[in-house]
Amino acid sequence: MDTRRIEEGVRLILEGVGEDLTREGIVDTPKRVARAMGECLAGMRQDASELFEVSFDAACHDIVVVRDIPFFSLCEHHLLPFFGSAHVAYIPGESGRVCGISKLARTVDVYAKRLQLQERLCSQVADAVDEALHPLGVLVVMEAEHLCMTMRGVRKPGAVTTTSAVRGGFARNAATRAEAMKLIFDGRASGL
Ligand code: ZN
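Residues numbered from 1 in each chain as written. Predicted model: local features only at pLDDT ≥ 70, side-chain atom pairs only at ≥ 80, totals over all residues. Heavy atoms only, no water.

1. A look at the environment of Asp2
Thought 1: Relative to the assigned elements, Asp2 resides in the segment before helix H1 (3–16).
Thought 2: As a C-alpha pair, Asp2 and Gly38 span 36 residues in sequence and 9.3 Å in three-dimensional space. (Helix = DSSP H or I, 4+ residues; strand = E, 2+ residues; numbered from the N terminus.)

2. A few points about the coordination of the zinc ion
Thought 1: Of the protein atoms, only Cys75 (SG), His78 (ND1) and Cys148 (SG) coordinate the zinc ion, at distances of 2.2 to 2.3 Å.
Thought 2: Mapping the donors of the zinc ion onto the primary sequence gives the spacing C-x2-H-x69-C.
Thought 3: A relative accessible area of 5% means that Cys75 is categorised as buried. (Donors = N, O, S within 2.8 Å, 3.2 Å for Na, K, Ca; no water. Buried < 20%, exposed > 50% of the residue type's maximum accessible area, 1.4 Å probe, protein only.)

3. Points about the side chain of Glu143
Thought 1: Secondary-structure assignment places Glu143 in strand E6 (residues 137–146).
Thought 2: The buried category is assigned to Glu143, whose relative accessible area is 15%.
Thought 3: Separated by 2.9 Å, the side chains of Glu143 and His87 make a polar contact.
Thought 4: If we skip the residues at most four places from it in the chain, Glu143 touches Phe71, Phe83, Gly84, Ser85, His87, Gln118, Val160, Thr161, Thr162, Phe185 and Arg188. (Polar contact = N/O pair within 3.5 Å; in protein donor to acceptor, adjacent residues only side chain to side chain. Contact = heavy atoms within 4.5 Å.)

4. Section: the pattern of salt bridges
Thought 1: If you walk through the whole model with that rule in mind, you get seven salt bridges.
Thought 2: Across the salt bridge formed by Asp127 and Arg167, the nearest N and O atoms sit 2.7 Å from each other. One end of the pair, Asp127, is in helix H4 (residues 118–133); the other, Arg167, is in strand E7 (residues 161–168), with 40 residues separating them in the sequence.
Thought 3: Judged by its relative accessible area of 29%, Asp127 is partly exposed.
Thought 4: Between Asp186 and Lys182 there is a salt bridge, and its shortest N-O distance comes to 2.9 Å. Of this pair, Asp186 and Lys182 both sit in helix H7 (residues 174–189), four residues apart, roughly one helical turn. (Salt bridge = Lys/Arg side-chain N within 4 Å of Asp/Glu carboxyl O.)

5. What about the layout of surface pockets?
Thought 1: When its volume is computed, the largest pocket comes out at roughly 250 Å³.
Thought 2: Lining of the largest pocket is provided by Met1, Ile6, Gly9, Val10, Ile13, Val17, Val33, Met37, Leu41, Leu79 and Leu115.
Thought 3: Of all the elements in the fold, those that place two or more residues in the lining of the largest pocket are H1 and helix H2 (29–40).
Thought 4: With four residues, H1 is the single largest residue contributor to the lining of the largest pocket. (1 Å grid on protein atoms, 1.4 Å probe; cavity = no way out; pocket = protein on both sides within 12 Å on 5 of 7 lines; lining within 4 Å. Points joined across faces, edges and corners; volume = space filled by probe spheres on them.)

6. Some points on unusual backbone geometry
Trans peptide bonds make up the majority, and among non-glycine residues the majority have a negative phi.
Thought 1: With a phi angle near 45 degrees, Ala59 is a residue other than glycine that sits in the positive phi range.
Thought 2: Mapped onto the fold, Ala59 is located in the loop between strand E1 (55–57) and strand E2 (64–75).
Thought 3: The exposure class assigned to Ala59 is exposed, which follows from its relative accessible area of 55%.
Thought 4: Its identity as a non-glycine residue notwithstanding, Asp68 has a phi of 60 degrees, on the positive side.
Thought 5: By the element assignment, Asp68 lies in strand E2.

The structure is reproduced here in structure tokens:
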């Protein structure tokens, strides 16, 4: 990431909005924004497949769900944050091998920390799990609030955008998909 270019760009924005670049509160803002961008977009330099190099023989043939994974991303249209919860479900492949469950949360992070669209983020997470684990099925549901929609534009605070991506058995079999959805949403209703 070229931090000097980012700093130049931030200086132009500040000039454009009519700020005084020498003002005390602003003088280090270009540097701070460049650092923040580096962190918020760290996933651009990460490869999710490396997360799955280790897997475990769990002889598991049932649905594994990790839900309520918090994520923060930046929308590529406005460079404003969108954030919410991701829920990832998969059915291990014939081998019954599973990944460490934290790896699912880290996969969400790798793709969220990029300039994104929620729809694409959701399918990239599903594809990454699908390619790495060769599971019988993958289901990813993401719920998010987009600041480009709540603090500007139509200004609808609290509006939640839900996206889903389904692969394999979850796509083919409505009952299996419904079971995963139940595990995701009923658990939350019970306050767990
Ligand atoms: Zn946007």
